[in-house]
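# Structural description and commentary
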Amino acid sequence: MEFSDEDHGDSHRSLLTHMSCENDSGSEDTCTEILLPENSNSPETDDFVYKVLSVDQIVQHQRNIIDEVNNVLNLPPQVTRIILNHFKWDKESLFENYFESNPKDFFQRAHVLNPFEKKIEIDCAASTSCSSPQLCGICFCSCDELIGLGCGHNFCAACWKQYLANKTCSEGLANTIKCPATNCEILVDYISFLKLADDPEVVERYQQLITNTFVECNTLMRWCPAPNCSHAVKAVCAEPRAVLCKCGHEFCFACGENWHEPASCSSLKTWVKKCLEDSETSNWIAQNTKECPKCNVTIEKDGGCNHMVCKNPSCRYDFCWVCLGSWEPHGVPFYTPYNQY
């Protein structure tokens, strides 16, 4: 695993042998060599090593993990992607469950068809055609060709396109889109989605959601919280340490907030919550109280008429609650006791 800064040439790099590294699942692995840029913190003073990744690098990192798993399991790439997402991209957990489980149960839990039991198309969604028109299970219109995922539930291309667009753009789903058939748990794989969606905007949104889910599932990766920044930070361990994104924003890797040394993440969270509660108190005061127009003492009106008398002993100003002007022009007789007439 290499950690390098693309903004610096080879002449600005130094090689460090790090005796314990983290794999993508967060567990320690055997020692390896990590390539550090010169502007990284020196291991003698700070051994927290991280790398800022672009979206293209994140996508490539996904593909590398898929290839690593396929070198062992020899599965179709789109099936491997679904299984990895099921295990939150934890390779060690995937391998452990795969070799300790019954293959049928393993693939069923991951909501994919068992590729060893039934041959499925790996380049596109499976389609069925017949000399006589068939009814689509969604729109119930006759169609010469129906398309499905290999689970036996087939629908027309137009319904697939509308279904995937709604799931992706309206509901924000990507890795967990199921077959439209009732009670079917089979997930739409990556290649089938690209074939069935047939809309550049929907495909682009789908790929964004897949990349976002990959970063959020990985405990050793975090998106930069700066507005309009599309970089992510990948570290060797999930610790509350300061990281600097290429956009110039510095934040805490553990909680994603602005770097808050020497306060801990929990202390910062408590402080933010307190500030929000105080803000709500201020909102209530602003909506339910007013200041005396003469001495500025805060007054709460809990009933009665709009004739107010300041309770400040040194003020005692009579004013109108509505316009905050002197009460005298409003007509004192309206509030003279009835028995005085």
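Here the structure is a predicted model, which is why all the values come from computation and not from measurement. (Residues numbered from 1 in each chain as written. Predicted model: local features only at pLDDT ≥ 70, side-chain atom pairs only at ≥ 80, totals over all residues. Heavy atoms only, no water.)

### Digging into the nonpolar core
Counting residues in each nonpolar core, the largest one holds 27 residues, and the members touching the most others are W160, L164, V188 and F193. Contributing elements (two or more residues each) for this core: β7 (142-148), α5 (157-170), α6 (190-197) and α7 (200-217). Sorting elements by how many residues they give to this core places α7 first, with 5 residues. Core analysis: the next-biggest nonpolar cluster, separate from the first, contains 26 residues, I66, I83, F107 and V112 among them. (Core = buried A, V, L, I, M, F, W, Y, C linked by side-chain atoms within 4.5 Å. Buried < 20%, exposed > 50% of the residue type's maximum accessible area, 1.4 Å probe, protein only. Helix = DSSP H or I, 4+ residues; strand = E, 2+ residues; numbered from the N terminus.)

### Structural notes on a nonpolar patch on the surface
Taken together, the side chains of W271, V272 and L276 define a hydrophobic patch exposed on the protein surface, amounting to about 320 Å² of accessible area. Checked against the element boundaries, L276 lands in helix α8 (residues 265-288). The exposure class assigned to L276 is exposed, which follows from its relative accessible area of 55%. (Patch = residues over 30% accessible without salt bridge, like charges linked within 9 Å, V, L, I, M, F, W, Y side chains within 5 Å. Areas by Shrake-Rupley, 256 points an atom, 1.4 Å probe, with all protein chains shown as cover. Salt bridge = Lys/Arg side-chain N within 4 Å of Asp/Glu carboxyl O.)

### Overview of the pattern of salt bridges
Counted according to the given criterion, the structure contains 4 salt bridges. Salt-bridge contacts for E68 lead to K91; the nearest nitrogen and oxygen are separated by 2.3 Å. Taken together, the residues E68 in helix α1 (residues 55-73) and K91 in helix α3 (residues 91-100) connect sequence positions 23 residues apart. With relative accessibility at 13%, the residue K91 sits in the buried group. Of the charged contacts in the structure, one is a salt bridge between E185 and K178, with a shortest N-O distance of 2.7 Å.

### Details of α1
Helix length check: α1, at 19 residues, gives a terminal C-alpha distance of 27 Å against a target of 27 Å (1.5 Å per residue), a fit within 8%. All of the buried residues along α1 are Q57, I58, H61, Q62, I65, I66, V69, N70 and L73. Summarising the contacts, the buried residues of α1 are in contact with β5 (50-53), α2 (77-86), α3, α7, β9 (221-223) and β10 (232-235). Looking one or two residues beyond α1, the residue adopting positive phi is N74, at roughly 55°. (Expected span 1.5 Å × (residues − 1). Contact = heavy atoms within 4.5 Å.)

### Some details on empty space enclosed by the protein
With the rule as written, the count across this model stands at 2 cavities of 30 Å³ or more. As for the second largest cavity, its lining consists of R81, I82, A174, N175, V188, D189, Y190, Y206 and I210. The set of elements that each furnish at least two residues to the lining of the second largest cavity consists of α2 and α7. Each residue belonging to the lining of the second largest cavity can be placed in one class, and the counts come to 6 nonpolar, 1 polar and 2 charged. (1 Å grid on protein atoms, 1.4 Å probe; cavity = no way out; pocket = protein on both sides within 12 Å on 5 of 7 lines; lining within 4 Å. Points joined across faces, edges and corners; volume = space filled by probe spheres on them. Nonpolar A, V, L, I, M, F, W, Y, C, P; charged D, E, K, R; others polar.)

### What to know about the side chain of R81
Note that R81 resides in helix α2. Of the side chains with opposite charge, D189 comes closest to the buried, unpaired R81, at an N-O distance of 8.4 Å. When sequence neighbours within four positions are dropped, the list of residues in contact with R81 reads Q62, I66, W89, Y190 and I210. (Lys, Arg positive; Asp, Glu negative; His and termini not counted.)

### Points about the packing of α1 against α2
In contact at an axis separation of 10 Å, α1 and α2 are set at 105° when each is read in the N-to-C sense. Taken together, the axes of α1 and α2 lie roughly perpendicular to each other. Residue-level inspection shows Q62, I65, I66, V69 and N70 of α1 in contact with α2, the latter providing P77, T80, R81 and L84. In terms of residue class, the contact of α1 with α2 is built from 5 nonpolar, 3 polar and 1 charged. (Axes fitted to C-alpha atoms, helices over the stretch in contact; angles between N-to-C directions. Parallel < 35°, antiparallel > 145°, perpendicular 65-115°, else oblique.)

Functional significance is not addressed by these values, which are geometric in nature.
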